[in-house]
Structure formats: C-alpha cells, structure tokens
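# Fold and geometry: a report
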Amino acid sequence: MRRIVWWLLGLVVAIAGLVFAGLRIPAVQDLVLRRIVASRMSAAPPGLFDDDALRVLLCGTSSPMPHPTRAKACVAVFAGGRFWVVDTGPGAWNRLALWQVDGRRLGGVLLTHFHSDHIGELGEFNMQTWVAGRERPLRVYGPPGVERVVAGFAEAYALDSGYRTAHHGADFLPPDVGRMEAVAIPGPALGAEPAVVFDQGGMRVTAVAVDHTPIRPAYGYRFDYRGRSVVVSGDTVKDDDLIAAARGADVLVHEAQANHLVALLREEAQRSGRDRIAKILGDIPSYHTSPVAAAEVANAAGVRLLVLSHLTPPPPAALVERAFVRGVGAVRAKGWVLADDGLLVTLPVDSTEVDVGWIE
Ligand SMILES: [Zn+2]
Ligand SMILES: [Zn+2]
C-alpha cells in the first residue's frame, strides 16, 4: 500500500515537472494560447440581448473612493436587443468589454449628474463602441449641462478620432458615426412629474429629479419594458419623488452610503492628521442615502428587489460588507442584495419572476 502511494506521488511530481518544463517551450506556449484564444473567441455571447426579458447588469458598484476591483458608477439595462447605460464611471467600459458585451448594440448613455465618478469614462464608451461597429452617433442624455460635458469629451478625443479614421479608413470608422449627440432633458424639477426621455421599441424611459443638493438638477431614471421595470436612483438623499417614481417597480438600484463606516473613517483620518480627507468625509453624509434608508425607500415604493450599489465606502472584504449592511435586515428582511460588479438581474416578460445571478 505504502509503495503505491509513493509511486503515485512520484508520478504526480513527474507530470508537474513535464508540464512546467513544457510551458517554457515557445511552441507549447503557442499551442496552449491558441486553444485559450479560440475558446474565448468562439464563446457564445451571453444571452443578454435575448428578447425574453428585461435585464440589469451592474457594470460599476463603487463610489469615488478607491477599490481594487469595483468600477465606479455604472448600470447597464438590456432589452429588445439593445442596451442603455446609466452613468459611465471610470473602469466601467473595461468591465463590459471583459464580459464581451457587444458595443454595437449600445442604444444610449443616460447620465444622472456630472460628478466625475459618473462621467469619467464617457469618452471610452463612445470610442470603443464606435470601433466595435456602432451604426449611429451615440446619444448622451442628461440634465442641462450635458452639452458641455459631451463637447468636452469630444474635444479631448478629437485627435484620437482622427488618428483612428486615418489608420483604418473612413469606410471602417466613419467620422460622422463616431460623434456623440447630447440630449438635455429640461425637466423635471424637484417635486414635479417624471419627464419622458424616450419611448421607442417598447422601452419607455422617464427621468425623475432627485435631491443631491448642491448638484442641481440630478436625475434618477426608470425603465419600463413589456410590463417589467427597473429604477436607478442616481446620487440622492432619501427622496419622496424617487419613491413615487419607483412605485411598483421590479428592481430599484439605489445608492448606499454606510454613514457609520464613513464616521469611523473620519475619526481615524482626524486622528492621523489627514485633515482634507476628514473634511470630505464630514461633508458627504448630507447628500447620500444610508443602506437602511434605502431599504425604507424600497419598502415605501413596494419594489420587489432592492440592489444596493454606488457603495461608499466600497467594502474591500466580506467583514466590511457585513458591517456595511448593518440594520438593513431589520427594516427589510428579504428582497435586497448588496451589489458587486457583475450582478445580473433578469426579469422575464409575462412573469413576476426576479432572477438574481452573476454574469459569467
Ligand atoms: Zn454625486
Ligand atoms: Zn457618485
């Protein structure tokens, strides 16, 4: 018996040695790489674009504070063969590209407001989906001021756009298609009825003013598609207009700032003499929503699922995640989830089902 064990152990060591030595040979490296690339290239695209459901993919769940893996604000909504992106936070395009989301199908970008954690990657969303083969200029919806943001990104990318067309040809990358079109949504004011952003192909999107004072206006967005619905809060305090706009929705993606953790960070920043960080941490509780208050919003609106996102501070570990959602369960026992990048909620049409999973 002992002899068999030694023999097996020797065999494992010999195989490991052969593999290790083999991987140092270029021809073997190429063989392995070709296999991996081929399997990636032939992988069926995820069924995000199937016309049987409204789908919500969290492409960025962090806030301005740094995090090793989470991208900043981004929610992608898929329906009827297209997708729309609410906010283009830094790192978000990389997420979608790694998941092989087909950039040609980007129907538009909706900006909630113009803080950098919401707009920082707008230029990449436009450039990369143009290179992927988008067929129309990219519509960018947002509060008044969106024209200025779009013009700024267009100017910053103007030289690169020229390089691309010069290099690949105007047939391949037509300059006119690579443009962005800013669409300012003039209303709604705080306390007013939501404004219709567009209503086409079965998808109706409305904007609601939320309270992110002193940022005015700041919007949340509601998507309605064949009886299913998702609301994205944008950055806001606990807001009655948002509750009204989210009434009866299937999913509410709500920002969440754990003020008890922010207070802890602030105390430590003060103790260690980091005055600028302490000042900012002291200011931000006034214009965000705690996880418990977000749960109260979800309850008041009667939504099926609350997704806590735009996490401040973005939890770096499971222990912090538990501390982050402290008290939420007492307000809302079920029907909520703490988001991470890649969370995918599927809402089949002609159904009340809410399927929570992760993109592959
Ligand atoms: Zn903000
Ligand atoms: Zn933000």
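Reading the values: the criteria
- Residues numbered from 1 in each chain as written.
- Chains lettered and ligands numbered in written order.
- Predicted model: local features only at pLDDT ≥ 70, side-chain atom pairs only at ≥ 80, totals over all residues.
- Heavy atoms only, no water.
- Donors = N, O, S within 2.8 Å, 3.2 Å for Na, K, Ca; no water.
- Tetrahedral: all angles 85-135°; square planar, octahedral: opposite > 155°, others 65-115°.
- Helix = DSSP H or I, 4+ residues; strand = E, 2+ residues; numbered from the N terminus.
- Buried < 20%, exposed > 50% of the residue type's maximum accessible area, 1.4 Å probe, protein only.
- Disulfide = S-S within 2.5 Å.
- Pairing = 2+ DSSP bridges.
- Axes fitted to C-alpha atoms, helices over the stretch in contact; angles between N-to-C directions.
- Parallel < 35°, antiparallel > 145°, perpendicular 65-115°, else oblique.
- Contact = heavy atoms within 4.5 Å.
- Nonpolar A, V, L, I, M, F, W, Y, C, P; charged D, E, K, R; others polar.
- Arc of directions from axis to C-beta.

For the zinc ion (ligand 1), the protein coordination sphere consists of His-113 (NE2), His-115 (ND1), His-212 (NE2) and Asp-235 (OD), at 2.2 to 2.3 Å. For the zinc ion (ligand 1), the four donor atoms in the first shell make angles of 95 to 158 degrees at the metal, a pattern classed as irregular. Written as a sequence motif, the donor arrangement for the zinc ion (ligand 1) is H-x1-H-x96-H-x22-D. Separating the zinc ion (ligand 1) from the zinc ion (ligand 2) is a gap of 3.4 Å, which Asp-235 spans by donating to each of them. Placement of His-115 in the loop between β4 (106-110) and α4 (116-119) and of Asp-235 in the loop between β10 (228-232) and α8 (240-245) is noted, with a sequence separation of 120 residues between them. Owing to a relative accessible area of 2%, Asp-235 belongs among the buried residues under this scheme.

Binding of the zinc ion (ligand 2) to the protein goes through Asp-117 (OD), His-118 (NE2), Asp-235 (OD) and His-310 (NE2), at separations of 2.1 to 2.2 Å. Considering all four donor atoms around the zinc ion (ligand 2), the spread of angles at the metal, 86 to 172 degrees, places the coordination shape in the irregular class. We classify Asp-117 as buried; its relative accessible area is 5%. When its relative accessible area of 1% is taken as the criterion, His-118 is described as buried.

This brings us to the state of the cysteines. This structure, assessed with the given rule, holds one disulfide. At a sulfur-sulfur separation of 2.1 Å, the disulfide partner of Cys-59 is Cys-74. As the torsion about the S-S bond is roughly -75 degrees, the Cys-59-Cys-74 disulfide counts as left-handed. Placement of Cys-59 in strand β1 (residues 53-60) and of Cys-74 in strand β2 (residues 74-79) is noted, with a sequence separation of 15 residues between them. Summarising the burial analysis for this pair, Cys-59 and Cys-74 share the class buried.

A word on the pairing of strand β8 (residues 203-212). Of all the ten residues making up β8, eight are buried; the element is thus mostly covered by neighbouring parts of the structure. Where strand β7 (residues 195-200) lies against β8, five bridges are found, and the strand directions are antiparallel. Within β8, the residue paired with Gln-200 across the bridge is Met-203. As consecutive antiparallel partners, β7 and β8 are separated by two residues, and within that stretch Gly-201 has a phi angle of approximately 60 degrees, a positive value. Direction of pairing for β8 relative to strand β9 (residues 215-225): antiparallel, over a ladder of nine bridges. Bridge assignment links His-212 to a residue of β9, and that residue is Ile-215.

It is worth spelling out the packing of helix α5 (residues 122-132) against helix α7 (residues 158-168) at this point. Orientation of α5 relative to α7, taken along the N-to-C sense of each, is 10 degrees, at an axis distance of 12 Å. Considering the angle they form, α5 stands roughly parallel to α7. Here Met-127, Trp-130 and Val-131 of α5 come into contact with α7, specifically with Asp-160, Ser-161, Arg-164 and Thr-165. When its residues are assigned to classes, the contact of α5 with α7 shows three nonpolar, two polar and two charged.

Now for helix α6 (residues 146-156). Owing to its 3.6 residues per turn, the α-helix brings residues three or four apart onto one side. For α6, the complete set of buried residues consists of Val-146, Val-149, Val-150 and Phe-153. Projection of α6 onto a plane perpendicular to its axis shows the buried side chains occupying an angular sector of 95 degrees, all on one side. Pointing more than 90 degrees away from the buried face of α6 are the exposed residues Arg-148 and Glu-155. Packed against the buried residues of α6 are α4, α5, β5 (138-142) and β6 (180-184).

A few words on the pairing of strand β15 (residues 355-358). Summarising the sheet, strand β14 (residues 343-348) and β15 pair through four bridges and their orientation is antiparallel. Each bridged residue has a counterpart across the sheet, and for Leu-343 the counterpart in β15 is Trp-358. Adjacent in sequence and paired antiparallel, β14 and β15 are bridged by six residues, among which Asp-350 carries a positive phi angle near 55 degrees.

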